[in-house]
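Observations on chain architecture
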Amino acid sequence: MIINNIIRSKPLGFTGLTASGFLAFFLLLSTFAFSQTADDEKNFQQCKACHTIGGGKLVGPDLKGITDRRDEAWLVSFIQNSQQLVQSGDEQAVKVFNENNKIPMPSHSLSDDQVKGILLYIANDGKLAAGEVAAKEENNEPVITEDAAQLLVEMRRDEQRNLIWVLIVMAVLLGISVVDLAFIKVLKAKWIHYIIILSALAIISEVVFVAATGLGRQQYYQPDQPIWFSHQVHAGQNQIDCEYCHFTANESMHAGIPPVATCLNCHNQVKEGKRTGTKEIAKIFEAVKNNKPIEWVKVYNLPDHVYFNHAQHVNVGQLECQACHGEVEKMDQIIQEPDLSMGWCIGCHRTESVQFASNKFYDQYTELHKKLSSGEMPNVTVQNVGGDECAKCHY
Ligand code: HEC
Ligand code: HEC
Ligand code: HEC
Ligand code: HEC
Ligand code: HEC
Ligand code: HEC
């Protein structure tokens with residue numbers, strides 16, 4: 001309205017022109033903002049190992065304000081293949097290359113539009129446009145509080161420690177009671193002794209039973225590793241995708257531990273960490289020099305008589321790693337969160353749905369398909385398709 005009034009009151013006047021200019025500018029801005037998608041944020045993940053937006057220099061320069069400093073077409077070709085540009089003698093590219101100690105930036109197979117999306121994301125200082133944030137929240141992506149996972153683990157550990165204290169206190173009470181009853185005889189009322197002895201025995205056997213059923217299991221197992229490798233630094237801070245390193249999880253039984261070559265992809269360039277300096281990263285180069293694999297200690301171990309398949313759960317079942325391993329991206333050192341008991345597997349199979357409609361393998365279950373489409377069953381759980389049959393999990 002206001003703009004209309006201005007334009008009407010002064011046709012062709014200076015104010016009118018600037019106003020419509022502003023209007024066009026804001027329209028342009030908003031189309032930019034809306035054309036930006038969460039994919040841009042995702043595409044930027046591959047840059048994060050080497051660049052920040054306003055957080056200072058990492059391997060490459062801080063990218064804050066880069067879209068103001070450089071021409072868009074130049075940025076697109078530099079990001080797609082910087083070395084080609086450097087070798088062609090492009091003045092600016094050579095200058096940037098030299099200023100960064102001649103560390104080559106790897107090329108990226110991104111389309112022009114994908115790069116432009118990333119640039120928009122950088123121009124927004126690494127924030128998603130408002131519409132995108134709302135869409136993300138609607139998807140109910142959990143907002144996890146800092147270090148919640150670690151706190152939980154510590155709480156559970158305290159619980160275990162408390163159990164041990166209960167055991168010790170009960171044993172001491174039992175001892176005093178028996179000694180007094182048989183030898184010292186300070187306390188005349190014998191029934192008090194009997195009560196103490198009986199309850200102590202009951203509590204001790206309860207604690208021992210709880211411990212015994214967990215025997216052979218190692219919940220909260222957290223061995224020292226040969227290199228101080230932090231998932232919090234890699235999967236958390238630098239948001240490296242789990243499957244970048246555990247690249248067989250999607251297609252085979254084992255998720256696998258990455259070989260040294262995977263570490264070198266980045267550590268050929270990143271030679272120093274914020275917390276351990278060069279000390280721990282140097283061990284990677286030592287392993288390469290001695291041609292010896294790094295001897296990681298396995299944390300999760302199922303007994304040999306159990307069959308477990310990652311692809312089945314990650315690929316077919318579409319489960320997040322965190323559903324079973326906890327908030328790994330918050331852990332410096334991996335800790336075994338679930339107890340890996342049979343009850344744990346079956347507990348989930350009773351409640352978790354299978355990807356029933358989309359998997360041809362389940363076409364044979366005509367009865368279940370009928371019940372599902374008639375609404376008689378809200379969903380088909382793993383148990384419904386035989387996820388609690390002994391032979392599925394036991395060799
Ligand atoms: C392995 C580390 C690494 C990765 C990953 C990486 N870069 Fe770079 N980047 C560098 C280095 C080092 C330079 C310094 C110049 C050179 O290599 O020629 C650089 C330079 C740049 C420049 C030029 C800066 C300037 O001052 O002109 C831009 C823009 C850039 N990177 C964007 C990106 C984007 C976008 C991504 C992700 C798609 C990315 N980089 C991924 C290491 C990396
Ligand atoms: C349904 C639960 C579940 C899901 C989902 C899951 N895992 Fe596992 N993971 C396990 C169990 C159980 C083991 C122990 C397997 C064994 O000892 O045979 C394990 C073992 C591992 C290991 C040790 C090496 C190996 O392959 O045995 C790694 C690494 C691992 N998982 C990573 C991942 C990653 C990364 C994801 C997501 C892409 C993931 N897991 C998803 C349950 C799960
Ligand atoms: C995709 C890139 C990438 C890969 C792959 C990678 N790292 Fe890193 N790593 C980084 C970055 C980025 C840092 C953070 C440097 C810093 O502290 O600012 C880092 C830091 C470290 C640190 C030092 C942590 C600290 O804060 O002191 C160690 C140790 C380390 N990595 C070991 C490894 C090992 C072992 C592997 C292979 C299993 C590996 N990294 C694979 C990117 C990577
Ligand atoms: C930069 C590479 C890298 C990334 C990214 C990464 N991991 Fe790992 N992961 C490792 C290495 C190396 C080990 C072995 C050392 C250890 O246990 O900490 C490991 C160990 C594990 C283990 C314990 C395996 C066992 O039984 O010994 C689990 C579980 C795991 N990762 C899950 C994940 C999940 C979930 C993510 C994503 C949130 C992830 N990892 C991201 C490199 C990586
Ligand atoms: C967090 C939930 C969850 C946990 C924990 C879990 N599973 Fe599963 N499991 C699933 C889902 C979901 C599927 C179905 C995948 C599909 O076909 O869509 C499945 C399928 C299976 C199947 C195939 C069943 C069939 O009918 O073909 C086996 C075998 C299996 N799981 C073994 C295990 C074992 C062994 C453990 C414990 C070590 C375990 N699972 C723990 C969710 C889980
Ligand atoms: C969804 C997977 C799954 C199914 C289905 C399953 N089990 Fe298990 N079972 C396990 C796991 C995992 C363990 C290892 C638990 C442990 O180490 O405490 C286990 C352990 C056992 C053990 C050894 C107990 C011990 O303390 O070591 C026996 C016996 C057993 N199962 C019998 C059965 C029988 C009988 C059935 C069928 C009624 C069955 N299981 C079905 C996953 C399963």
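Residues numbered from 1 in each chain as written. Chains lettered and ligands numbered in written order. Predicted model: local features only at pLDDT ≥ 70, side-chain atom pairs only at ≥ 80, totals over all residues.

**Here we look at the overall build of the protein**
Within the protein, the regular secondary structure consists of 20 helices and zero strands. When contacts within the protein are restricted to residue pairs at least 6 apart in sequence, those whose partners lie at least 24 apart make up 67%. (Helix = DSSP H or I, 4+ residues; strand = E, 2+ residues; numbered from the N terminus. Contact = placed C-beta atoms within 7 Å.)

**Things to note about the site of ligand 3**
The environment of ligand 3 is made up of 23 residues, and the closest members are C263, C266, G273, T276 and E280. Within the shell around ligand 3, the residues separate by chemical class into twelve nonpolar, eight polar and three charged. (Near = placed C-beta within 6 Å. Nonpolar A, V, L, I, M, F, W, Y, C, P; charged D, E, K, R; others polar.)

**Considering the environment of H246**
For H246, the position within the fold is in the loop between α13 (242–245) and α14 (260–267). Counting along the chain gives 16 residues from H246 to T262, while the straight-line C-alpha distance between them is 10.0 Å. Dropping the residues within four chain positions of it, H246 is found in contact with A255, G256 and P258.

**A short note on the confidence of the model for the protein**
When pLDDT is averaged across the protein, the result is 80; 80% of the residues are at 70 or more. The lowest-confidence element of the protein is helix α1 (residues 2–9), averaging 35 in pLDDT; the highest-confidence one is helix α17 (residues 322–325), averaging 95. Per-residue pLDDT stays below 50 along residues 1–35; that stretch engages in 15 contacts with residues further than four places along the chain or on separate chains. Considering only residues more than four positions removed or in separate chains, one finds that residues 133–149, a stretch of pLDDT under 50, has ten contacts. (pLDDT = per-residue confidence, 0-100.)

**Examining the packing of helix α3 (residues 38–48) against helix α8 (residues 112–123)**
The geometry of α3 relative to α8 is characterised by a closest axis approach of 8 Å and an angle of 90 degrees between their N-to-C directions. With respect to their mutual orientation, α3 and α8 come out roughly perpendicular. For the pair formed by α3 and α8, the contact residues are D39, D40, E41, N43 and F44 on the first element and Q114, G117, I118, L120 and Y121 on the second. Looking at the contact of α3 with α8 residue by residue, the class counts come to four nonpolar, three polar and three charged. (Axes fitted to C-alpha atoms, helices over the stretch in contact; angles between N-to-C directions. Parallel < 35°, antiparallel > 145°, perpendicular 65-115°, else oblique.)

**Examining the nonpolar core**
Of all hydrophobic cores here, the largest spans eleven residues; its members are L63, F78, I79, V86, A93, F97, V115, I118, L119, Y121 and I122. With five residues, the top contributor of residues to this core is α8. Apart from the residues within four sequence positions on either side, I79 is in contact with H108, L110 and V115. (Core = buried A, V, L, I, M, F, W, Y, C linked by C-beta atoms within 7 Å. Buried ≥ 20, exposed ≤ 12 C-beta atoms within 10 Å, placed from the backbone.)

**Brief notes about the environment of I227**
Topologically, I227 is positioned in the loop between α11 (190–213) and α12 (231–237). For I227, a count of 18 C-beta atoms within 10 Å translates into the label partly exposed. Measuring from C-alpha to C-alpha, the distance between I227 and K279 comes to 9.4 Å, with 52 residues separating the pair along the chain. Residue contacts for I227: discarding those within four places in its chain leaves E280, K283 and I294.

**Concerning the packing of α14 against helix α15 (residues 279–289)**
Contact geometry for α14 and α15: axes closest at 10 Å, N-to-C directions at 125 degrees. With respect to α15, the axis of α14 lies oblique. Note that α14 runs across α15; the crossing there is left-handed. Of the residues in α15, those in contact with V260, C263, L264 and H267 of α14 are I281, I284, A287 and V288. (Left-handed = near helix turned anticlockwise from the far one by under 90°.)

**A short note on unusual backbone geometry**
Outside of glycine, negative phi angles account for most residues, and trans bonds account for most peptide bonds. Although it is not a glycine, N291 sits at a positive phi angle of roughly 55 degrees. Residue position: N291 is located in the loop between α15 and α16 (310–316). Here the phi dihedral of Q318 falls at roughly 55 degrees; this positive angle occurs in a residue that is not glycine. As for its placement among the helices and strands, Q318 is situated in the loop between α16 and α17. In this structure Q318 comes out as exposed when scored by C-beta crowding, with 11 C-beta atoms within 10 Å.

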